[in-house]
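Observations on chain architecture
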Amino acid sequence: MSHRNLPSSALRRPIGRRSALGAGLGATALALGAASPAAAGGPAPLAGPTAAGAPAAPLLPAPAERGTPGVRWKDGHVLPTFARATSLRVADPRELDGFAQTLLVTLQGLVNRERPEIYLVLDEVDATWVPDLPVPTETVEDPLSLVETYRDRIAGAVVYDMDAPDTINVATTLAALHGGVAATAELAAEHGLEILEDLRGRFEDDPAAIYAWAHETLWEQCTHRMLVGLPPTRTVEVDGVTWTEALRWPEQTRDFSNREVRTVDLSAHLDAEAVFVRMTDAFPEDGWGPDVYGVTVEADGAQIAAFTPGTPEEEPFLFDGSGSTVLEGHRFADGGGRFIYRIAVPEGATSLSISLDIVNQFVVSITGTSPTRVEPFVHFRDMAAATDALVVWLPPSGDSGSQFTQLLDALEPGSAFAGWFANDVSGEWSGVTLCSQAGVIVVPADWYANGSALSGVAADVHHVPARRSSQRPEDATYVTLIFGEGDNIQYCQRHLRALWDDPARGQVPISWTVSPLLEDAGPALLRHLRDTGTDNDLLVCGPSGAGYTYGDSWPEDELAVYTGITGGYLARTGLDVIYGYTTPTPDGDNPVMPERVLEAYARDVRLRGIMQTGDPYEISEPGAAVPLIAALSPFGDPESYRTQIEEMIAERKGPGPLFIAVHVHAWSFTPTKAAELVASLPEGVRVVLADEFFDLFRRSQEG
């Protein structure tokens with residue numbers, strides 16, 4: 001999900017993760033009802049539009065009366081901790097659609113905020129973790145039976161409006177504040193749940209206006225320790241769809257030399273209502289997938305559409321862009337990403353074609369069957385419901401950026417923005433920058449599941465790092481391999497588990513970035529990594545410490561808040577190497593971490609060293625506050641990695657030791673590939689773990 005590299009389309013790209021500004025957020029908030037549901041005879045339904053055209057405020061219980069008795073926000077911690085789980089009911093709702101899953105996930109948050117009792121298997125990885133959890137579990141055969149099991153805890157349902165999808169996020173927040181669940185009207189009726197609020201028809205499909213209303217109306221009732229960013233919906237593959245491959249670029253090409261306009265005949269599907277055109281990556285392992293700069297559509301020889309990606313003209317045709325990114329008038333999808341255009345078949349047409357101005361490593365496929373459906377996005381929604389968090393989905397750049405900034409300004413320094421950003425890659429850079437400027441810590445967590453359960457599964461995460469080595473470096477090249485993405489707690493839960501279970505893990509030294517915030521969000525996950533690691537596995541801290549941030553963008557008088565929190569987490573978890581980031585420049589460069597930031601780390605965090613994204617030839621001078629090395633960031637297969645490492649050795653190796661930190665792209669590399677890479681490296685290259693690497697580097701600078 002995190003994508004930390006160069007935004008320019010002319011540079012290497014990593015493998016990938018709406019609307020006019022609404023009413024100003026600085027206006028006086030609408031009056032909030034303070035009476036408890038009991039005193040008011042139950043929560044009142046949402047009133048109709050006011051004279052100003054906005055829905056009136058709901059009647060909500062006051063925070064002190066509502067309460068979240070099992071949720072605790074400790075000083076010096078970014079995320080909450082939950083009451084200790086004594087057992088978990090495990091239910092598997094994978095056969096249910098996203099609407100039923102949303103009911104269950106918000107029920108999970110409602111129940112678990114008192115004491116964690118529900119664990120939901122949303123994919124195979126969730127099932128993989130169950131035997132490793134140090135708590136008794138009981139399997140629930142019918143997931144929806146949990147509604148009846150916990151009926152006495154459910155005040156009712158808040159109904160969202162799929163015609164204004166962002167009401168799913170508002171419904172999540174309202175349900176938490178009411179002590180209810182988010183559901184469709186049909187599910188509420190099926191399960192006999194009173195409708196507390198009905199959002200259908202209350203809002204236009206205008207996310208900015210919806211979130212402006214939510215901020216003004218609900219913020220004072222929500223937690224002020226965390227803001228949550230979640231997409232309201234997701235697209236789900238429909239079974240039985242047959243795709244026909246129409247174009248494929250056969251070679252690994254990353255230099256834009258193959259850009260041209262290519263035409264695909266769609267006439268084989270004239271009997272369908274529409275034709276769907278999908279762009280995917282021909283070589284997903286290296287992050288250079290299809291990149292489209294322009295599209296034209298012709299029917300019977302006449303042009304019926306022409307658009308540039310990212311413009312309003314594209315919107316009627318973009319069926320699913322969730323797996324892609326738009327930058328400067330072009331749309332691309334790398335690795336496992338994709339995007340799909342929908343071309344309606346004109347009545348009576350005898351021929352139909354689409355022309356794509358396309359470049360890089362593409363596969364273009366077509367079908368006449370709708371390939372996906374839209375459902376609510378369910379992951380991490382239990383944590384939002386459990387903590388009374390305001391849930392939003394606003395692009396942090398463009399017109400909505402100032403609205404997003406006002407939301408951040410309502411948080412105290414050291415608070416969390418948890419989830420992710422709209423606009424994916426471009427949203428990451430602008431979003432993390434805005435959060436850093438506001439002193440808010442980013443917690444990538446949008447696909448993290450069962451947070452409200454795992455936070456309460458106790459496990460000892462205390463660890464003492466290895467003693468510092470006094471060994472002197474030899475005249476050799478020292479390489480350390482660091483798998484990235486560890487700041488992303490859903491990566492730690494999901495993809496890292498798959499990498500961890502690779503039989504080749506342990507064959508060669510690998511340093512694995514993880515988030516120290518797992519101490520709060522999933523201590524049993526962190527404990528499992530500790531207990532099952534080999535002597536060739538080292539856990540290091542993902543960007544940039546206690547959550548993802550750009551230290552150089554923090555206000556100088558507030559940076560100590562972040563480094564102080566980081567120092568506490570690392571002292572408890574025994575992590576003493578950090579992979580760090582600085583604020584990307586407009587041309588995509590990552591400047592070297594400034595001295596003031598290094599000094600803050602040196603003052604508050606016990607560190608062996610910092611690796612950072614940037615020019616791989618950047619290393620700190622002797623006597624720096626913290627030793628720092630910028631990492632080489634190759635792409636591709638093991639042979640490509642080896643070639644780039646050898647090129648750096650040829651350019652830089654002289655008398656004495658050479659140190660090369662290699663950032664491994666975790667979404668496309670594996671321990672098996674790492675073992676293949678290490679076996680191919682030339683004589684004189686020594687692969688070591690990051691702690692030994694920095695011990696040797698420090699000694700090399702001592703003369």
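Below is a short write-up of the structure. (Residues numbered from 1 in each chain as written. Predicted model: local features only at pLDDT ≥ 70, side-chain atom pairs only at ≥ 80, totals over all residues. Heavy atoms only, no water.)

A short note on the side chain of Thr-563
This is how it is decided: Strands here mean DSSP runs of E at least two residues long; helices mean DSSP runs of H or I at least four residues long; both are numbered from the N terminus. A 1.4 Å probe rolled over the protein chains alone gives each residue an accessible area, and that area as a share of the maximum for its type sets the label: buried under 20%, exposed over 50%, partly exposed in between. Contacts: residue pairs with any heavy atoms within 4.5 Å of one another.
Topologically, Thr-563 is positioned in helix H17 (residues 559–573). Classification of Thr-563 by relative accessible area gives buried; the value is 1%. Setting aside anything within four residues of it in sequence, one finds Thr-563 in contact with Ala-600, Tyr-601, Arg-603, Asp-604 and Val-605.

Topic: the sheet that holds strand E11 (residues 244–248)
Within a sheet, each strand pairs with its neighbour through backbone hydrogen bonds, oriented either parallel or antiparallel. What counts is decided by this rule: Two strands pair if DSSP finds at least two bridges between them. Axes here refer to lines fitted to C-alpha atoms; in helices the fit is confined to the stretch in contact. Angles between the N-to-C directions go from 0 to 180 degrees.
The 5 strands lie next to each other as E11-E21-E13-E19-E16, forming an open sheet whose pairing is antiparallel. The open sheet is flanked by E11 and strand E16 (318–320), the only strands paired with a single partner. Across the sheet, the mean angle separating the axes of adjacent strands is 30 degrees when strand polarity is ignored. As judged from the 4 bridges shared by E11 and strand E21 (residues 362–367), these two strands associate in the antiparallel manner.

Focus on the packing of aromatic side chains
Heads up, the rule is: Stacked, edge-to-face and tilted labels apply to pairs of Phe, Tyr and Trp rings (six-membered ring for Trp) whose centres lie within 6.5 Å, assigned for plane angles under 30 degrees, over 60, and everything in between, in that order. In our convention, an over-ring charge means Lys NZ or Arg CZ found within 6 Å of a ring centre and within 35 degrees of that ring's normal.
All chains considered together, the criterion is met by 25 aromatic pairs. Measuring from centroid to centroid gives 5.6 Å for Phe-693 and Phe-694, while their planes differ by 90 degrees, and the two rings are edge-to-face. When sorted by exposure, Phe-693 lands in the same class as Phe-694, which is buried. Aromatic ring contacts, followed pair by pair, group Tyr-478, Phe-659, Phe-693, Phe-694 and Phe-697 into a single cluster. For the cation-ring pair, Arg-259 lies above Tyr-293, with the distance from its terminal atom to the ring centre recorded as 4.0 Å. If you follow Arg-572 out to its NZ or CZ, it ends over the ring of Tyr-569, 4.8 Å from the centre.

Some words on helix H21 (residues 690–701)
Selection rule: By definition here, a helix of n residues has an expected span of 1.5 Å times n minus one.
Here H21 contains 12 residues, and its C-alpha end-to-end distance of 17 Å stays within 8% of the 16 Å for a straight helix at 1.5 Å per residue. What H21 keeps buried is the set Ala-690, Asp-691, Phe-693, Phe-694, Asp-695, Leu-696, Phe-697 and Arg-699.

Re the sheet that holds strand E5 (residues 137–140)
The sheet built from 3 strands is open, its strands ordered E4-E3-E5 with parallel pairing. Unpaired on one side and paired on the other, strand E4 (118–120) and E5 mark the two borders of the sheet. The average undirected angle you get between the axes of adjacent strands in this sheet is 30 degrees. The pairing of strand E3 (residues 88–91) with E4 spans 3 bridges and is classified as parallel. Opposite Arg-89, over in E4, you have Ile-118 as the bridge partner.

Examining a negative patch on the surface
Here is the rule we go by: Patch construction takes residues with relative accessible area above 30% that form no salt bridge. Like charges are linked within 9 Å, and nonpolar side chains (Val, Leu, Ile, Met, Phe, Trp, Tyr) are linked within 5 Å. Surface exposure here means Shrake-Rupley accessible area, sampled with a 1.4 Å probe, where a residue is shielded only by the protein chains that are shown. Here, a salt bridge means any side-chain nitrogen of Lys or Arg that lies within 4 Å of a carboxyl oxygen of Asp or Glu. None of His or the chain ends enter the tally, which takes Lys and Arg as positive and Asp and Glu as negative. The atoms used to mark charge sites are NZ of Lys, CZ of Arg, CG of Asp and CD of Glu.
A contiguous patch of negative charge, built from Asp-587, Asp-589, Asp-615 and Glu-618, is present on the exposed surface. Within the secondary structure, Asp-587 is located in the loop between strand E29 (577–580) and helix H18 (595–604). Overall, Asp-587 belongs to the partly exposed group, its relative accessible area being 45%.

Observations regarding the packing of helix H8 (residues 207–218) against helix H10 (residues 401–409)
Geometrically, a packed helix pair is captured by the angle between its two axes and the distance between the axes. The condition is simple: Reported orientations rely on four angle classes, namely roughly parallel under 35 degrees, roughly antiparallel over 145, roughly perpendicular from 65 to 115, and oblique for the rest. Helix crossings fall into two classes, left-handed where the near helix is turned counterclockwise from the far one by less than a right angle and right-handed where it is turned clockwise.
With their axes 11 Å apart at the nearest point, H8 and H10 run at an angle of 20 degrees to one another. Accordingly, the angle class assigned to the pair H8 and H10 is roughly parallel. In terms of crossing hand, the pair formed by H8 and H10 is left-handed. Here H8 contributes Ala-208, Tyr-211, Ala-212 and His-215 to the contact with H10, which in turn contributes Gln-403, Gln-406 and Leu-407.

So, to be careful, I would describe these as geometric facts and stop short of saying anything about function.
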